[in-house]
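Fold and contact review
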Amino acid sequence: MKKTGPYVGITGFMSLTEVVACSNVFREAAQTAGEYVTANLKFMIGVLVSSKTLTGGTNKWPGRYPTMARIPGIISMKYQDHLLYTIHYNTDDPITIDEQVDQVINIAPSSINAIQLNIRWVNPVKLQRVKRKYPDLRIILQIGAGALADVGELGEIFLGDALRAYEDVADDFLVDPSGGKGEPIDVWRAFACIADDEIPSKMQPNIAGGFNADSVPMARGLMRRLKRPVGLDAEGRLRNSDDSMNLEEAARYLKGGVALIGGVMVQYR
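Throughout what follows, the structure given in this document is the object of discussion. Model, not experiment: these values are computed from the prediction.

Some details on the environment of Pro 217
Turning to its location among the elements, Pro 217 is positioned in the loop between strand 9 (204–208) and helix 10 (220–226). Pro 217 gets classed as partly exposed once you look at its relative accessible area, which sits at 42%. For the pair formed by Pro 217 and Ala 114, sequence separation is 103 residues and the distance between their alpha carbons is 27 Å.

Structure representation (structure tokens):
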């Protein structure tokens, strides 16, 4: 599987049924966009894990965090090159993150393609150990509101300076001030971050924050100005009132996201 490149993502999967339904929509939308998009755009299947659920506890969002026993079944579709099975991991003890990644990978070692670290500026030395041990694992850094505040100064955000420390250990970064709460992203603030000339060119940029079918078009101008595709991830605004995944909303979002990113991919390849 190709490690880098853009994706359209959904986070918060709780069942194989959800994965199959969304995968079918994504694949049909990618085929409509053409052969190049079908071959190069990924569908990021995001499964949430915390240090608490990793050890058998319950998260405050039980409708989004499956038990460890359920995860292998959720990501059990095989021989699907368009799927990027990604564990979104957060922890109360980032000091031992390299050891925790071992535990995460052991959940489903033959299925997990990527790990997104929802950790505020995780130690790059620890990530170097992870990269050496799992060279084919795609590592995505979440840049949340707190992380952005750490690199902000007088109205400017110096994201590139901070990301240079991760140039050889992370494949992607995700600007996500919302943290899955469905709060709309400030697309032009995200543009200011991603357009930073100091950001390592090898890192794939992605954004999240209140995306659904209606808000996906907001990212169009950002990608055109950057002249490159930017990955999208959605969570909070694709949920029902009981916090289960709304498959109709997910399908609409996927169709819009694939059409947008696919068009940019073809235009600027």
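Details of helix 1 (residues 16–33)
With 18 residues, helix 1 should reach 26 Å at 1.5 Å per residue; the first-to-last C-alpha distance of 25 Å fits that figure. All buried positions along helix 1 are accounted for by Glu 18, Val 19, Cys 22, Ser 23, Val 25, Phe 26, Ala 29 and Ala 30. Considered in projection along helix 1, the buried side chains sweep an arc of 170° and stay on one side of the axis. Within helix 1, the exposed residues directed more than 90 degrees away from the buried face are Thr 17, Glu 28, Gln 31 and Thr 32. On its buried face, helix 1 sits against strand 1 (7–11), helix 2 (35–40), strand 2 (42–50), helix 4 (71–74), strand 3 (83–90) and helix 11 (247–268). One or two residues past the end of helix 1 sits Gly 34, with phi positive at roughly 120°.

What about the packing of helix 5 (residues 97–105) against helix 6 (residues 124–133)?
Where helix 5 meets helix 6, the axes come as close as 8 Å, and the angle between the chain directions of the two elements is 35°. Contacts from Ile 97, Asp 98, Val 101 and Asp 102 in helix 5 reach Lys 126, Arg 129, Val 130 and Lys 133 in helix 6. Looking at the contact of helix 5 with helix 6 residue by residue, the classes come out as three nonpolar, no polar and five charged.

Cut-offs applied
For every chain, the first residue of the written sequence is number 1, and numbering continues from 1 along that sequence. Residue-level local features of this predicted model are given only where pLDDT is at least 70; pairs of side-chain atoms are given and counted only at 80 or more, and the full residue set underlies all totals for whole chains, interfaces and linings. Note that the side-chain values use all heavy atoms of the structure and ignore hydrogens as well as water. Strands are runs of DSSP state E lasting at least two residues, helices are runs of H or I lasting at least four, and both sets are numbered from the N terminus onward. In this scheme, a residue with accessible area under 20% of its type's maximum is buried, one over 50% is exposed, and one in between is partly exposed, where area comes from a 1.4 Å probe on protein chains only. A helix is expected to reach a length of 1.5 Å times the quantity of its residues less one. Note that the arc is defined by the directions from the helix axis to the C-beta atoms. Whether two residues touch is decided by their heavy atoms; if any such pair falls within 4.5 Å, the residues are in contact. To get an axis, a line is fitted to the C-alpha atoms, and for a helix only the part in contact is used. The angle between two axes follows their N-to-C directions and goes from 0 to 180 degrees. When residues are grouped by polarity, Ala, Val, Leu, Ile, Met, Phe, Trp, Tyr, Cys and Pro land in nonpolar, Asp, Glu, Lys and Arg in charged, and all others, Gly among them, in polar.

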